[in-house]
Amino acid sequence: MSCSRARVSILSELLAFPTINQKDWDTGRLKRAQVGDLVSISSGPPTKWYLSWVKKIEEGEDRFSHKYLLESIDDGELCWWSNVGLNIYSRDRVKGCVIWQWDDKQFAFNDRWNKACKKNGAYIVLPVLPVFGKEWSVVLNVRIRHRISDFRNPKTFPDWRKLTIKQMGEFYKECYAKYNGRAND
């Protein structure tokens, strides 16, 4: 699994808003790491797990004996860590940045979704980020430019890997027609 575009997205966000005085970080003294947290390792050697996703936690007798399965944002490789400190990035910020956990194939799918919409003249009716679900399902949706309307038209597709640009274009045209029919009412 390749995650290079997600890594670039994360690093761009973190570096755009400096972490002076631990802004948006918790050193782990007030919060305990949870599965799904974005963490940096403190009191450990420099490795590609400098910024990682917590995938699993095995509780120990005390906080120093907990084991953490971390997934490197660099390449998705997993490694168990113990006897290290974890700095936890703001859970609210992570929740608001769903693309940080996408792999490169999901980014490529989003590129195709945007291409399908642009090919069909997207200007007022615009694509929104896909929502990847369980297994291979995906929800595609649209929004209206400048919030002229609150129109949405979500549709779930069972397997995003098999969805063609032509099928996405057809869905976009349905959304456009539905919005225009509603706007004319």
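Residues numbered from 1 in each chain as written. Predicted model: local features only at pLDDT ≥ 70, side-chain atom pairs only at ≥ 80, totals over all residues. Heavy atoms only, no water.

(A) The sheet that holds strand β1 (residues 25-26), seen in detail. The sheet built from six strands is open, its strands ordered β1-β6-β2-β3-β4-β5 with antiparallel pairing. The open sheet has two free edges, formed respectively by β1 and β5 (78-82), since each of these has just one partner strand. (Pairing = 2+ DSSP bridges. Helix = DSSP H or I, 4+ residues; strand = E, 2+ residues; numbered from the N terminus.)

(B) View of helix α3 (residues 104-119). With 16 residues, α3 should reach 22 Å at 1.5 Å per residue; the first-to-last C-alpha distance of 22 Å fits that figure. For α3, the complete set of buried residues consists of D104, Q106, F107, F109, N110, W113, A116 and C117. Its side-chain oxygen placed 3.0 Å from the backbone nitrogen of K105, D103 serves as the N-cap of α3. One or two steps after α3, the chain reaches G121, where phi turns positive at roughly 80°. (Expected span 1.5 Å × (residues − 1). Buried < 20%, exposed > 50% of the residue type's maximum accessible area, 1.4 Å probe, protein only. Polar contact = N/O pair within 3.5 Å; in protein donor to acceptor, adjacent residues only side chain to side chain.)

(C) Geometry of the pairing of strand β3 (residues 51-58). One ladder, built from three bridges, connects strand β2 (residues 38-42) with β3; its direction is antiparallel. Bridge assignment links S40 to a residue of β3, and that residue is L51.

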